[in-house]
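Observations on the model geometry
Spelled out, the chains give:
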Amino acid sequence: MILALDVGNSNIVIGCIDDGKIIFDGRLTTNHSKTDMEFAVMLKNILTINKIDVNSFEGAIISSVVPPIDKALRKAVELVIGKQPITLDGCEGLKVDLDDPSQLGNDLVVGAVTVLNEFPPPIILIDMGTATTIFVIDKSGTYIGGAIMPGIMISQHALSKETSLLPSISLEAPKSVIGKNTIDAMQSGAILGNASMIDGMIDKIEAELGEKTTVVATGGLSKSIIENCNHDIIYDADLLLRGLWIIYKRHTEK
């Protein structure tokens, strides 16, 4: 079994993966002020509460888009399981056609590795978290770029903060597109507006490619959005953890 950490701007997703099967997954809040010992205590407590034996891990892997906490997390993992975690090595063998491939985030690398392992290209992968990212892999299996926009929660927080009369809302789909009150109108914008944006971006990307694509979505907020999209979109909550397993095996088999 391996310990996999997917470190995002809002949450650290923890996965225990045995022979490709996710035995357990949980979350910690991403906190820049925590020390390696504090991360170790939280990690150990989560594993202990869920009856995961820390001595059962053969190794670990970390993917992070939050460099300030990487050193503390690596040390925390070593303190808990007694093994140094693997970290991602650049683009992990992906074919990349970008102005500067070094700008490709680890989360996008892991996502691309996973979808290429499981679906035929061309592929659009949508990840809806702190930011919403939409990236494209062409029919040759080359990562060719994509689009990044503010995530739903960032947009909603900004809307409530910068206006006097608009409240914070729960992210639930309204009964109709045309809201009859402030909350319904905001929910229409948040859920149906983002669904329409996703549909529109898929249309534009496929028009630019000149062909249909397989569309996959992941990330904590994706499910409620893609349920309201017109396109057929495959939802996969565990996609990044499976990608970390694939990359871990590639590293250890070299």
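Keep in mind the model is a prediction, meaning the values are calculated, not measured.

The next thing to look at is the sheet that holds strand S5 (residues 86–87). Judged by pairing direction, the sheet is mixed, and its five strands sit side by side in the order S3-S2-S1-S4-S5 without closing on themselves. The two strands at the open ends of the sheet, each matched to only one other strand, are strand S3 (21–29) and S5.

Tracing the sequence through the fold places aspartate 127 in strand S7 (residues 123–128). Buried and unpaired, aspartate 127 has arginine 27 as its nearest opposite-charge partner, separated by 8.4 Å. When sequence neighbours within four positions are dropped, the list of residues in contact with aspartate 127 reads Thr132, Thr133, Thr218, Gly219 and Leu240.

Right, let's talk about the pattern of salt bridges for a bit. This structure, assessed with the given rule, holds four salt bridges. A salt bridge links glutamate 227 to lysine 223, with the shortest nitrogen-to-oxygen separation between them at 2.9 Å. For lysine 223, a relative accessible area of 42% puts it in the partly exposed group.

Turning to the packing of helix H4 (residues 152–162) against helix H5 (residues 182–209), a few remarks are in order. Where H4 meets H5, the closest approach of the two axes is 11 Å, and the angle between their N-to-C directions is 155 degrees. Here H4 is positioned roughly antiparallel relative to H5, judged by the angle of their axes. In this structure, H4 meets H5 at a crossing whose hand is right-handed. Residue-level inspection shows Ile152, Gln156, Leu159 and Ser160 of H4 in contact with H5, the latter providing Met186, Ala190 and Asn194. A per-class count over the contact of H4 with H5 returns four nonpolar, three polar and no charged.

Further remarks concern unusual backbone geometry. Geometrically, the link from proline 121 to proline 122 is a cis peptide bond, its omega value of 5 degrees lying close to zero. When you line up the elements, proline 122 lands in the loop between helix H3 (106–118) and S7. In this model, aspartate 19 sits at a positive phi of 55 degrees, which is unusual for a non-glycine residue. By relative accessible area, which is 67% here, aspartate 19 ends up exposed. Phi at lysine 51 is positive, roughly 60 degrees, even though this residue is not glycine. Among the residues examined, lysine 51 registers a relative accessible area of 75% and is labelled exposed.

So, how was this worked out
- Throughout, a residue's number is its position along its own chain's written sequence, starting from 1.
- Local features in a predicted model are, by the rule used here, given only for residues with pLDDT of at least 70; side-chain atom pairs are given and counted only at 80 or more, and totals for whole chains, interfaces and linings are based on all residues.
- Working from all heavy atoms in the structure, the side-chain values ignore hydrogens and water.
- Two strands pair if DSSP finds at least two bridges between them.
- Think of it this way: any DSSP run of H or I at least four residues long counts as a helix, any run of E at least two long counts as a strand, and we number them from the N terminus.
- Relative accessibility under 20% of the residue-type maximum defines a buried residue, over 50% an exposed one, and the middle range a partly exposed one, all with a 1.4 Å probe and only protein chains included.
- In this charge count, Lys and Arg are treated as positive and Asp and Glu as negative; neither His nor the chain ends contribute.
- Basic side-chain nitrogens of Lys or Arg form a salt bridge, by our definition, when they fall within 4 Å of a carboxyl oxygen of Asp or Glu.
- It only takes one pair of heavy atoms within 4.5 Å for two residues to be counted as in contact.
- Each axis is a line fitted through C-alpha atoms, and for a helix only the stretch in contact is used; angles between axes span 0 to 180 degrees, taken between their N-to-C directions.
- An angle counts as roughly parallel when it lies under 35 degrees, as roughly antiparallel when it exceeds 145, as roughly perpendicular when it falls between 65 and 115, and as oblique in every other case.
- Working rule for handedness: look at the near helix, and if it is turned counterclockwise from the far one by less than a right angle, call the crossing left-handed; if clockwise, right-handed.
- When residues are grouped by polarity, Ala, Val, Leu, Ile, Met, Phe, Trp, Tyr, Cys and Pro land in nonpolar, Asp, Glu, Lys and Arg in charged, and all others, Gly among them, in polar.

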